[in-house]
Amino acid sequence: MNASTCCLLLLGLLATASVHAADSTDAALLQRGQYLATAGDCVACHTAPAGKPFAGGLTVPTPIGNIIATNITPSATAGIGHYTEQQFSDALRKGIRADGKRLYPAMPYTAYAQITDDDVHALYAYFMHDVAPVDSKPAPTRLPFPFNIRLSMAAWNLLFLDSKPFAPDPGKSADWNRGAYLVRGLAHCSTCHTPRNLLMAEQSSRELAGGAVGTWLAPNITSDANSSIGGWSEEDLVDYLKLGHARGKAQAAGPMAEAVEHSLQHLEPADLQAIATYLKTVPARHDPADIQAVDSWGAAFDGVAEQRGTPFPDDAEKWSGAQLYDAHCASCHQARGEGSFDGGLPPLFHNTATGRARADNLVLVILEGIHWTDASGVHMPAFANDLSDQQIATLANYLTRHYGNPAATVDAARVGVLRAGGAPSHLVALARLALAVIALLIVLVIVLRVRRRRRRASAGRA
Amino acid sequence: MSAELSADIVVIGAGIVGALAAQRLARQGASVLILEAGPRLERARVVAAFRNSPFKGNWMAPYPPSPWAPHPIYVPQDNGYLKQAGPYPYPAEYIRAVGGTTWHWAAQAWRLVPNDVRIKSLYGVGVDWPLSYEELDPWYQEAEELLGVAGADNTGSPRQHPFPMAPVAEPWSMRRVRERLAPAYPVVANTVARNSRGYDGRPACVGNNSCQPICPVNAQYLGINAVEAAEAAGAKVIPNAVVYRIEHDVKGHIAAVHYYAPDKSEHRVTGTTFILAANGVESPKLLLLSASDTYPNGLANRSGMVGRHLMDHPSTSLTFYADEELWLGRGPQSPSSINTLRDGAFRSQHAPYRLDFTNISQVLNVTNDLIKEGVYGAEFEKQLRWRAARQINVKNVLEVLPNPDNRITLSAEKDAMGIPKPEAHYAIDDYTRRAAEVSKADFARIAELMGGTGLRYSADGQFANNQHITGTMSMGNDPATSVVDAFGRTHDHENLFVCSTGVMPTAATMNSTLTGVALALRTAEHILPAKNSHAATAHVGHETSLA
Amino acid sequence: MVPDKLDGVSASHDHPADPSRRRLLAGLLTAYTASLIPWALAQPAPHADRGAFTALSALLVGRQALDAAQATRLYDALATASPHFPADVQALLTLINERHIDPLQLQGVLDGEHSPLAPLPRSIMSAWTLGVVGSGENARCVAYETALDAVIVADVLKPPTYAYGAYGSWTGKPS
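Computed from a predicted structure; not experimentally measured. (Residues numbered from 1 in each chain as written. Chains lettered and ligands numbered in written order. Predicted model: local features only at pLDDT ≥ 70, side-chain atom pairs only at ≥ 80, totals over all residues.)

> So what about the overall build of chain B? Which residues, and what values?
Assigned secondary structure in chain B consists of 12 helices and 18 strands. Its C-alpha atoms give chain B a radius of gyration of 23 Å, within 12% of the compact-globule value 24 Å for 547 residues. Residue pairs in contact within chain B that sit at least 24 positions apart in sequence constitute 72% of those at least 6 positions apart. (Helix = DSSP H or I, 4+ residues; strand = E, 2+ residues; numbered from the N terminus. Rg over C-alpha atoms; globule rule 2.2 N^0.38 Å. Contact = placed C-beta atoms within 7 Å.)

Rendered as structure tokens:
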């Protein structure tokens, strides 16, 4: 052994010793904290692509502008290393930073408010001791006026924040209560799946009835049999959360695929079962447009046989739906849309991807594919670079018509909007318009007064 | 004539070898222009063309030649592009298109075995390479990481670092072959540029069983992936640019290349360094075409060796019915082989070979056989299932030795652009034929171990070709007997390099693409050393053409 | 139950569909051929040439059912490729009807007699099983996924270019 190796070893020992000296936190607590952080999927927002865990930097697009996730590593200079447990708890559950300023509700503190004191303690221990500090600060969030005034969030909180931690319902099973605690709290399902009002607050009366996350539709996950997962078994739900798909029903794509990959698949089977138990009891919210279950539409259909031997048009914009399907989709989903023997390459009928009343998510999954960051990698390739807006519209309409809900149609313009990341939000414009109207009114009042004064003056001269 | 184009590096040919050299140079900050004679293809169109083709057994069918950049076609009949001077036919197949011939390769991405580069010293046959296997190793590694190669360690090719990916999951058919041939023959997983997991944004294999002629899902690395990598690094590709002349200055430096657009308009491209990467047939053709008063035998050809030493891998084969259901066609096409005969003292007497099992679905061949035999009625379906489940094929991949009489020359016949067609002069010598004879004993033993019936050997003296074009611009230290030096620089022109399987001085027993790519990456490093690369330190002191 | 000979067999020209008298494939067959393809007897055959093609196809490919839409596509392609195709089909069906030729012996019989109909079975087989009509420069693909060589093994194999399944799904014993 040479001298430098000795030094390194010694340093290592010292470092380990100092941690132990500084804190006697037991391993079980840290482990629980880590598990809870996984359940809370903190990493999803607080880690930039290819960035260091929890060091922030991810840009979260919201209707009021881009919010940049902060560094929540225990760095004293760039992260939350200087937070006391109370300050940590306030940030997590009340949306108040250590400096007293308000967080934007892109941070799901309205859900995290449900977290128990015990769990906050475990999370605090984990973040302070098991997360590697990173001393770099991501760029600050700069929202347009008027949302750059963080104090406005205080009023918002007053209106929409229920800051009481979760209280178990003694009338329900432990399993149900655990599920409710996870769904409403750490797993913050409602952040995406509950519709929001004009002021971007979740409509608690319509819990999990379907919301939006960016351009993606976060579907209704209440217990309605047609619009939602009422027809799923608890096993289907557990499969979906564990594997990212439920055979013959649905596959997680977009932000849900991320939630499964980074958070849900790591949860203990009992917790996934608890979530399933709870979800099956969420009051049904029915969309009259869903005249049958979204995962029950369509049947095997062969559109390629009749065009065999017909040369494809040189101009790919003129390819028919069947031709686009033949060239781009059938290799995996098969000529009749029936998927592979093992179901690993899913059928396109009896699939929520094609069965929804709106085709947005179908278009998005064609554009973006499904990519996991682990070794499984590409679950479905992205076609954004291969297919034009018109081609995707033609293809999506072919898919919904033959394999899904034929009422769901889409045109090239809509594909273009989705490709571009969605329609620009009206919220900023609305807020500014409101301010402008007020300003205009003030100006009008002043003008009227001046005129009156002038009129009076001129009348006096006359 | 249109405005001249210019770049630091001008690459002729947008195949996997040229494109990967281009991407490496572009990443070092050089401006890179790639000229490709053929058109740009789209995977989806190729897939559709295959499904609509009446010639599904012919892997050239979805790649029709363009009028301005023809390539050889043999089905339904010979298009007469590659002229045959004999005595043995050399029906090479290649694709002139952006991405090149690896549009339809089997993705077998083999390294040589170390003794392959020293057969003259060790066995008294062929020639030695001007570099060692150990020198090639880091370039193989870089190539394997770019392509995404999955492989097993027990194939006879040593390595310093692990494969990027574990071997691709073994099809049931190959598992049975492996189990039943053990211990007489160790059957191992092939080394392939096919994903056994998500790799570099491309998916894992889903068993489309059409690696040739097209992987529909991008799980297999193709030349088009290399081209896209080059473009991402800043290289520019000009398709449909048929280079017909390389121009030199008074000092013998290359000054420009000239190309025709499909409308036969002429264009001139200048550059600092030129890389010829137009495969083992078209590249020597272009050097010969570029003859001038100073170089009456063509460029880079003072040795007279351009186009000579043409090599490939001839194969003979055995087809039979195993005594159990194997159902070839589940999973990828080329999963397994026997590698123990790639080297040995016998190389002084006969060629070494690899024994390769196919996992290509037998349904098409069996159906053709049944129709030919007139098996109709209820017996047709019964026979189709029985045979498709049991039919299996093993072939050898034989080394051929470099022979100056095997060569590519210019034909007197011209293509539609008025450019002379290439002409092949080819023979298969006794060294190779003896190995074919020896391997028949292996075939028989394999059939016996598989309980084989209905044994059908390929006809005596008939060899299938494997399209591994090598040798026509061989590398060597002696300018009198080789075309390029150990770094791929032509002996005669300081700023003209060759990146091609054509620089391989011997063919060995392995599919040549990975070696071609490894050598090209080494050439790229020689032209413009990478900062912080493993090779940068190894090659300090070498001048560069861009200096 | 099936008469030895019906008027349909001798018909060498097309009969328009007659809704009042529903013509069946059985009408084109003899007891011998009917015994080979009992499933087809009740198939409608309003069009004698197409009916003869279906009957002959059924005899040659030896299947218990044939897809009607596919039959239409193949017939159209074959009749377009060769103007005397309909007459040849009628002639060959008549031959088999009358001489009770076993489909398995058919090619040998035709080749042995140097019959001008000898290429016909192969062209029909090629159309149904490979989805290819014509040969050489005139070859055309008219079916792929629904060609019988794919259909017959569809429980075990997907046609090339179609994925077998998720990565590694091919490692198990085919069931």
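Having seen the model, we can carry on.
> Can you tell me about the overall build of chain C, naming the residues and giving the values?
Per the secondary structure count, chain C includes eight helices and two strands. Secondary structure of chain C in N-to-C order comes out as α-α-α-α-α-α-α-β-β-α. Counting over 175 residues, chain C shows a buried share of 48%. Partitioning the intrachain contacts of chain C with sequence separation of at least 6 by distance along the chain shows that 52% fall at a separation of at least 24. (Buried ≥ 20, exposed ≤ 12 C-beta atoms within 10 Å, placed from the backbone.)

> Describe the pairing of strand 14 (residues 407–414) of chain B, with residues and values.
All names here are of chain B. Relative to strand 15 (residues 420–426), strand 14 runs antiparallel, the two being bridged by five bridges. From the neighbouring strand, lysine 414 faces strand 15, where its bridge partner is proline 420. Between the antiparallel neighbours strand 14 and strand 15 lie five residues, among them glycine 418 with a positive phi of about 85°. (Pairing = 2+ DSSP bridges.)

> Could you give me a rundown of helix 4 (residues 68–81) of chain C, with the residues and numbers involved?
Residues and elements named next belong to chain C. Counted at 1.5 Å a residue, the expected span for helix 4 with its 14 residues is 20 Å, and the 20 Å between its end C-alpha atoms agrees. Taken residue by residue, helix 4 has Gln70, Arg73, Leu74, Tyr75, Ala77 and Leu78 as its buried positions. Of the surrounding elements, those touching the buried residues of helix 4 are helix 3 (48–61), helix 5 (85–99), helix 7 (119–130), strand 1 (132–133) and strand 2 (140–141). (Expected span 1.5 Å × (residues − 1).)

> Residue-level account of the interface of chain B and chain C, with values.
At the junction of the two partners, chain B supplies 42 residues and chain C supplies 44 residues. Looking at the side of chain B that touches chain C, the elements that each hand over two or more residues are helix 2 (43–51), helix 8 (363–373) and helix 9 (378–390) of chain B. Among the elements that make up the side of chain B that touches chain C, the one with the highest residue count is helix 9 of chain B (seven residues). A breakdown of the residues in the side of chain B that touches chain C according to their chemical character gives 23 nonpolar, 12 polar and seven charged. (Nonpolar A, V, L, I, M, F, W, Y, C, P; charged D, E, K, R; others polar.)

> Which residues make up the sheet that holds strand 14 of chain B, and what are the values?
All names here are of chain B. Overall, mixed pairing links the three strands, which are arranged 3-15-14 in an open sheet. Lying at the two open borders of the sheet, with one neighbouring strand each, are strand 3 (83–87) and strand 14. For this sheet the average axis-to-axis angle between neighbouring strands, irrespective of direction, equals 30°. Sitting on the sheet, helix 7 (residues 279–289) is in contact with strand 14 and strand 15, with an inclination near 65° to strand 14. (Axes fitted to C-alpha atoms, helices over the stretch in contact; angles between N-to-C directions.)

> Mind laying out the packing of helix 13 (residues 321–333) of chain A against helix 2 of chain B, listing which residues take part and the relevant values?
Here helix 13 of chain A crosses helix 2 of chain B at 100°, and the two axes come no closer than 9 Å. One finds that helix 13 of chain A runs roughly perpendicular with respect to helix 2 of chain B. Packed against helix 13 of chain A, whose contacting residues are Gln323, Asp326, Ala327, His328 and Ser331 of chain A, the element helix 2 of chain B presents Ala44, Arg45, Val47, Ala48 and Arg51 of chain B at the interface. Classifying every residue of the contact of helix 13 of chain A with helix 2 of chain B gives four nonpolar, three polar and three charged. (Parallel < 35°, antiparallel > 145°, perpendicular 65-115°, else oblique.)

> Explain the interface of chain A and chain C residue by residue, including any values.
Bring the parts together and some accessible area is lost; that lost area is often taken as the interface size. With 14 residues of chain A at the interface, the matching set in chain C holds 15 residues. Here the side of chain A that touches chain C is composed, by residue class, of seven nonpolar, five polar and two charged.

> Could you give an account of the sheet that holds strand 13 (residues 391–398) of chain B, naming the residues involved and the relevant values?
Residue and element names in this part refer to chain B. The six strands lie next to each other as 4-11-12-13-10-16, forming an open sheet whose pairing is antiparallel. The sheet terminates laterally at strand 4 (187–189) and strand 16 (453–457), the two strands that pair on one side only. When the angles between neighbouring strand axes are averaged without regard to direction, this sheet yields 25°. Bridging between strand 10 (residues 317–321) and strand 13 involves five bridges; their strand directions are antiparallel. By the bridge assignment, serine 317 is partnered in strand 13 with lysine 395. Of the strands in this sheet, strand 10, strand 12 (353–357), strand 13 and strand 16 are in contact with helix 10 (residues 430–449), which crosses strand 13 at around 150°.

> Which residues make up the packing of helix 4 (residues 133–147) of chain B against helix 11 (residues 513–527) of chain B, and what are the values?
All names here are of chain B. The contact between helix 4 and helix 11 brings their axes to 8 Å, and the two run at 105°. By the angle class used here, helix 4 and helix 11 are roughly perpendicular. Residues Leu136, Trp139, Tyr140, Glu142 and Ala143 of helix 4 form the contact with helix 11, whose participating residues are Leu514, Val517, Ala518, Leu519, Leu521 and Arg522. Its residues assigned to classes, the contact of helix 4 with helix 11 shows nine nonpolar, no polar and two charged.

> If you had to explain helix 5 (residues 172–181) of chain B to someone new, which residues and values would you point to?
Residues and elements named next belong to chain B. Among the residues making up helix 5, those that are buried are Ser173, Met174, Arg176, Val177 and Leu181. Projected down its long axis, helix 5 carries its buried residues within an arc of 155°, all on one side. On its buried face, helix 5 sits against strand 4, strand 11 (336–338), strand 12 and helix 10. (Arc of directions from axis to C-beta.)

> Got a sec to walk through unusual backbone geometry? Specific residues and values, please.
Here the residue pair valine 75 of chain B and proline 76 of chain B is connected by a cis peptide bond, since its omega of 0° sits within 30 degrees of zero. The residue proline 76 of chain B is located in the loop between helix 2 and strand 3 in this model. Look at the link from glutamine 212 of chain B to proline 213 of chain B: it is a cis peptide, with omega at 10°. Turning to its location among the elements, proline 213 of chain B is positioned in the loop between strand 4 and helix 6 (223–232). The residue leucine 208 of chain A is not glycine, and still its phi comes out positive at about 60°. With respect to the helices and strands, leucine 208 of chain A occurs in the loop between helix 9 (189–193) and strand 3 (211–213).

> Quick one: what's the story with the nonpolar core, residue by residue and with numbers?
If you look at soluble globular proteins, the nonpolar side chains tend to sit buried side by side. Counting 328 residues, the largest nonpolar core has Ile12, Ala21, Val32 and Ile34 of chain B as its most contacted members. Sorting elements by how many residues they give to this core places helix 3 of chain C first, with nine residues. Counting only domains with at least three residues in this core, you end up with domain 1 (25–133 + 143–157) and domain 2 (294–419) of chain A. (Core = buried A, V, L, I, M, F, W, Y, C linked by C-beta atoms within 7 Å. Domains from an automatic or database assignment.)

> So what about the confidence of the model for chain B? Which residues, and what values?
Confidence along chain B averages 96 in pLDDT terms, with 97% of residues attaining 70 or more. Scored below 50 in pLDDT, residues 534–547 of chain B shows 25 contacts in the model against residues more than four places distant or in partner chains. (pLDDT = per-residue confidence, 0-100.)

> Quick one: what's the story with the environment of serine 439 of chain B, residue by residue and with numbers?
The topology assignment puts serine 439 of chain B in helix 10. Contact partners of serine 439 of chain B, with chain neighbours within four places excluded, come to Thr316, Tyr353 and Asn396 of chain B.

> Mind laying out the environment of alanine 22 of chain B, listing which residues take part and the relevant values?
Residues and elements named next belong to chain B. Assignment of secondary structure puts alanine 22 in helix 1 (residues 16–27). Looking at alanine 22, the number of C-beta atoms within 10 Å reads 34, which means it is buried. The spatial distance from the C-alpha of alanine 22 to the C-alpha of isoleucine 34 is 7.6 Å, given a sequence separation of 12 residues. Contacts of alanine 22, omitting those with residues within four sequence positions, involve Val11, Val32, Ile34, Ala230 and Ala235.

> Lay out the confidence of the model for chain C with the relevant residues and their values.
Chain-level pLDDT for chain C is 87 on average; 87% of the residues reach the 70-or-more range. For residues 1–20 of chain C, every residue scores under 50 in pLDDT, and the model assigns this stretch 28 contacts once sequence neighbours within four places are set aside.

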